[in-house]
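One-letter residues, chain by chain:
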Amino acid sequence: MTILKDQRVIAIEEHYYDDNVTAHFEGLDARTGGFVRENLEEVGEARIRSMDEAGIDVQVLSHGAPSTQKMDAETGVKVATLANDGLAELISAHPDRFAGFAALPTADPKAAADELERAVNKLGLKGAMIHGLTGGEHFFDKKQFWPIYERAQALDVPLYIHPANPHPAVVDAYLKDYAEAFPGIVNAGWGFTMETATAGIRIVLSGVLDEYPDVKIILGHLGETLPFLLWRIDMAVNRPGNDGVAFRDAFCSHFYITTSGFFADPALLCCIQEMGVDRILFAIDYPFVSNEPGPAWMERLMLNADDKAKILHSNAEKMLGL
Ligand code: GRE
Ligand code: ZN
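For clarity, every value in this text was computed on a predicted model and none was experimentally measured. (Residues numbered from 1 in each chain as written. Chains lettered and ligands numbered in written order. Predicted model: local features only at pLDDT ≥ 70, side-chain atom pairs only at ≥ 80, totals over all residues. Heavy atoms only, no water.)

**Looking at the overall build of the protein chain**
Okay, step 1: Along the backbone of the protein chain there are 16 helices and 9 strands.
Okay, step 2: A compact globule built from 322 residues should have a C-alpha radius of gyration of about 20 Å, and the protein chain, at 18 Å, falls within 12% of that.
Okay, step 3: For the protein chain, the C-alpha atoms occupy an extent of roughly 55 × 45 × 45 Å along the three principal directions.
Okay, step 4: Of all 322 residues assigned to the protein chain, the portion counted as buried reaches 55%.
Okay, step 5: Sequence separation of at least 24 residues holds for 78% of the intrachain contacts in the protein chain that already meet a minimum separation of 6.
Okay, step 6: Accessible surface, the protein chain: about 14100 Å² in total, of which carbon and sulfur atoms supply 53%.
Okay, step 7: Side chains of the protein chain carry 27 positive and 47 negative charges; the gap between the two charge centres is 3 Å. (Helix = DSSP H or I, 4+ residues; strand = E, 2+ residues; numbered from the N terminus. Rg over C-alpha atoms; globule rule 2.2 N^0.38 Å. Buried < 20%, exposed > 50% of the residue type's maximum accessible area, 1.4 Å probe, protein only. Contact = heavy atoms within 4.5 Å. Areas by Shrake-Rupley, 256 points an atom, 1.4 Å probe, with all protein chains shown as cover. Lys, Arg positive; Asp, Glu negative; His and termini not counted. Charge placed at Lys NZ, Arg CZ, Asp CG, Glu CD.)

As structure tokens, this is what we get:
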């Protein structure tokens with residue numbers, strides 16, 4: 001690849017599975033990663049070979065959904081500690097090819113904040129990833145989770161808000177009729193998107209970003225539709241009868257988005273127009289999405305080389321200290 005040849009490529013939403021975590025997955029969660037399970041469980045030579053073939057230099061690893069979010073406080077603390085220690089060990093075998101985001105026991109927010117600090121300061125992890133609703137019901141903007149934002153700000157590391165299977169009541173009411181013929185509509189096709197976009201909107205409305213103004217939130221999948229909707233959301237929440245909030249400004253000054261699993265020119269152009277290239281980072285969503293198409297898309301994209309370099313590596317280098 002010509003433009004990418006001398007360019008470092010860092011992909012930041014790249015998943016793996018740890019037995020200590022997946023042993024607790026139940027029902028739909030236990031099946032979701034099935035179609036790529038072998039690739040999720042392998043973090044070593046085969047993964048690196050696939051990265052080499054696609055031109056990817058570094059994967060920032062994170063566990064697959066729902067990670068530790070559905071665990072009770074006691075289990076979550078135990079399992080997240082094991083998982084983060086294990087992740088640090090995987091990275092230490094190939095420190096020039098892998099970095100990582102921590103799993104947090106969000107059912108115990110104070111312990112989660114402490115684990116984030118340990119993961120960053122002792123293990124060298126670069127931030128944390130949160131997968132869907134804690135305990136299957138609590139959105140991450142709720143006040144009980146604010147100590148995690150406070151610690152992330154103090155440590156100057158991002159919080160990556162990642163989808164998980166949506167709340168069963170939502171699936172029942174909105175998606176059940178088509179879930180059997182099109183299981184993808186419950187996850188990456190729409191269920192993931194509507195829940196994670198909701199999570200992003202709620203974070204802005206909650207005021208947590210006013211309280212901790214240097215917090216960095218990352219959304220994958222080109223911002224889970226939010227860049228496309230900013231203008232309209234901003235209008236609606238500032239109509240008479242609303243408290244009013246500078247929604248579009250808040251989103252564009254606190255959120256970062258990645259290209260994970262979404263390699264489409266018109267969607268990316270919308271994101272660039274709303275947010276600017278400094279807030280867009282490259283990701284694949286391996287192994288749910290294979291490695292080759294992402295760099296090939298970047299290679300072909302009609303975008304100047306400086307902006308491509310920001311998306312492909314320098315924004316990540318700056319944010320994650322890579
Ligand atoms: C993802 O992480 O994007 C993902 C899953 C499970 C199924 C599909 C998918 O976690 O894209
Ligand atoms: Zn993902």
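Having seen the model, we can carry on.
**Thoughts on the side chain of Lys-308**
Okay, step 1: With respect to the helices, strands and loops of the structure, Lys-308 is situated in helix α16 (residues 305-320).
Okay, step 2: A polar atom in the side chain of Lys-308 sits 2.8 Å from the backbone oxygen of Met-298. (Polar contact = N/O pair within 3.5 Å; in protein donor to acceptor, adjacent residues only side chain to side chain.)

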